[in-house]
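# What the coordinates show
Here's the letter readout for the chains.
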Amino acid sequence: MPELTQRFLVRVPASGGAFAAASSRHPLAAAGLELEPLFTTGSPAAMGVAAAEAHEWYVARLPEGDAAGIPPWDAAYEALARIESAPAIAAAAQPDVIEPDLLQPWLHDRFETIEGLAAGGDVCRFDDQDEAVPGVEGRFAWHLDDPFSQLRRARKSVSEDGARIRVAHLDTGYDPNHAALADVRLAAELQRNFVNDERPDDARDPGVDGLLKSPGHGTGTRSILAGGRFQFSADGYDFDDVLGGAPRSEIVPIRVGNSVVQLTTGNVAQGIRYAVDLCSDEQTRVHVMSMSMGGVASAAWADAVNLAYEAGIFFVAAAGNNSGGPITSPAAYDNVVAVGATTAANELAYFSNTGSRMWVSAPGVGIISTMPGGGTGSKSGTSMAAPHV
């Protein structure tokens, strides 16, 4: 059998129970496609969707050479033409959407390690006037303060006896050994990994490094979302407080990319759908979804986001770092809260995307967050802003 290349996402009408069946038994196999189940738009009983409106999403592949060397969207049209010309495929099995499974072009965030805060650092220094670490003079972790996010005050106002909020954290995984994350409430039994052929129940970040990579992205955003206590004392600064805004929440790590520039449309769609599936049981229900990455618009993402909305999930996503460009998806969708980034001067950061769909902005320049291996550093981007909300 020839090696299959050129991945596509294909949406077809629900087939009534054949979704999990072998791909060779699906009618689209008559067009020479190999299919892998991705997700469904929900059953009528579970999601309140009429049977005629239910759909199935598949990852489809063409044999090697059939669409080699042509742009992804041209290859998608080639696949669609192949399907439409196959006489064995009935009209009821024809796809109504086909799109390439793109490697999403998220412009990643700027990361600066602070001298002395990295693991094993011998010199404890923090220079608030360092241009690489924009902030407020005399304030370490300024973003927690009232003039900016009010996270510290909001955190203290939450009762210890209040209902626990469960947050699905879609990112690159996490460092399980970081001291600032040790007391974070982690729903380890619910974690999932949708990257390549890695273990599906292990969302830890393996630390993919290299050009345009961002190892530890998920470790950093998780610390802003729900980080634990962190201590720092040097150069007139004394910090002994909790880093995260919601440390009492329970985090469900969902790994959807090797890095913020190595995530595919299909992996993210699966991650969103998995969070929706958790809502079928009150014991595992997700209340909030936080995502500090994104890319170009996708019909698969739109369907998955709508399912999250119908399930009652409050979805927050980063607006993107294209220097004032249009908001990236999924933040651009109506059922998602798009978050831009602000500076310590309470101004929109120069790199932050913006537009009428941007609901709110939060601190996103020179934000103290955790990094792999036990260190801490300063990071800038709408990725840092989204976990504040």
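Residues numbered from 1 in each chain as written. Predicted model: local features only at pLDDT ≥ 70, side-chain atom pairs only at ≥ 80, totals over all residues. Heavy atoms only, no water.

### Re the packing of aromatic side chains
- According to the stated counting rule, one finds four aromatic pairs in the structure shown.
- Centroid distance Trp-142 to Phe-148: 4.8 Å. Interplanar angle 80°. Geometry classified as edge-to-face. As far as burial versus exposure is concerned, Trp-142 and Phe-148 are alike and both buried. (Phe/Tyr/Trp six-rings, centres within 6.5 Å; stacked < 30°, edge-to-face > 60°. Buried < 20%, exposed > 50% of the residue type's maximum accessible area, 1.4 Å probe, protein only.)

### Some details on the confidence of the model for the protein
- Residue-level pLDDT values for the protein average 80, and 79% of them are 70 or greater.
- Every residue in residues 44-52 scores below 50 in pLDDT, and together they form 13 contacts with partners more than four places removed in sequence or on other chains.
- Across residues 111-131, confidence stays below pLDDT 50; counting only partners more than four residues off in sequence or on other chains, it has 51 contacts. (pLDDT = per-residue confidence, 0-100. Contact = heavy atoms within 4.5 Å.)

### Some thoughts on the packing of helix H5 (residues 265-278) against helix H6 (residues 299-310)
- In contact at an axis separation of 9 Å, H5 and H6 are set at 10° when each is read in the N-to-C sense. As the angle between them shows, H5 and H6 are arranged roughly parallel. For the pair H5 and H6, the crossing hand works out as left-handed. Here Thr-265, Val-268, Ala-269, Ile-272, Arg-273 and Val-276 of H5 come into contact with H6, specifically with Ala-300, Trp-301, Ala-304, Val-305, Leu-307 and Ala-308. (Axes fitted to C-alpha atoms, helices over the stretch in contact; angles between N-to-C directions. Helix = DSSP H or I, 4+ residues; strand = E, 2+ residues; numbered from the N terminus. Parallel < 35°, antiparallel > 145°, perpendicular 65-115°, else oblique. Left-handed = near helix turned anticlockwise from the far one by under 90°.)

### Brief notes about unusual backbone geometry
- Geometrically, the link from Ser-329 to Pro-330 is a cis peptide bond, its omega value of 5° lying close to zero.
- Along the chain, the position of Pro-330 falls in the loop between strand E13 (314-318) and strand E14 (337-342).
- Not every positive phi belongs to a glycine, and Gln-150 is a case in point at roughly 60°.
- In this structure, Gln-150 sits in the loop between strand E5 (110-113) and helix H3 (151-157).
- Gln-150 gets classed as partly exposed once you look at its relative accessible area, which sits at 38%.

### Quick look at a nonpolar patch on the surface
- A cluster of nonpolar side chains, contributed by Phe-314, Trp-359, Val-360 and Val-389, occupies part of the molecular surface with about 370 Å² of accessible area.
- Checked against the element boundaries, Val-389 lands in the segment after helix H7 (382-385). (Patch = residues over 30% accessible without salt bridge, like charges linked within 9 Å, V, L, I, M, F, W, Y side chains within 5 Å. Areas by Shrake-Rupley, 256 points an atom, 1.4 Å probe, with all protein chains shown as cover. Salt bridge = Lys/Arg side-chain N within 4 Å of Asp/Glu carboxyl O.)

### Some points on the environment of Ile-83
- Mapped onto the fold, Ile-83 is located in helix H2 (residues 72-84).
- Ile-83 sits in the buried class, given a relative accessible area of 0%.
- If sequence neighbours within four positions are ignored, Ile-83 has contacts with Leu-28, Ala-31, Leu-33, Ile-89, Gln-94 and Pro-95.

### Considerations on the environment of Val-167
- Counting through the fold element by element, Val-167 comes out in strand E6 (residues 166-171).
- In this structure the C-alpha to C-alpha distance between Val-167 and His-287, which are 120 residues apart in sequence, comes to 6.1 Å.
- The contacts of Val-167, once residues within four sequence positions are left out, are Leu-225, Ser-249, Glu-250, Ile-251, Val-252, Val-288 and Ser-290.

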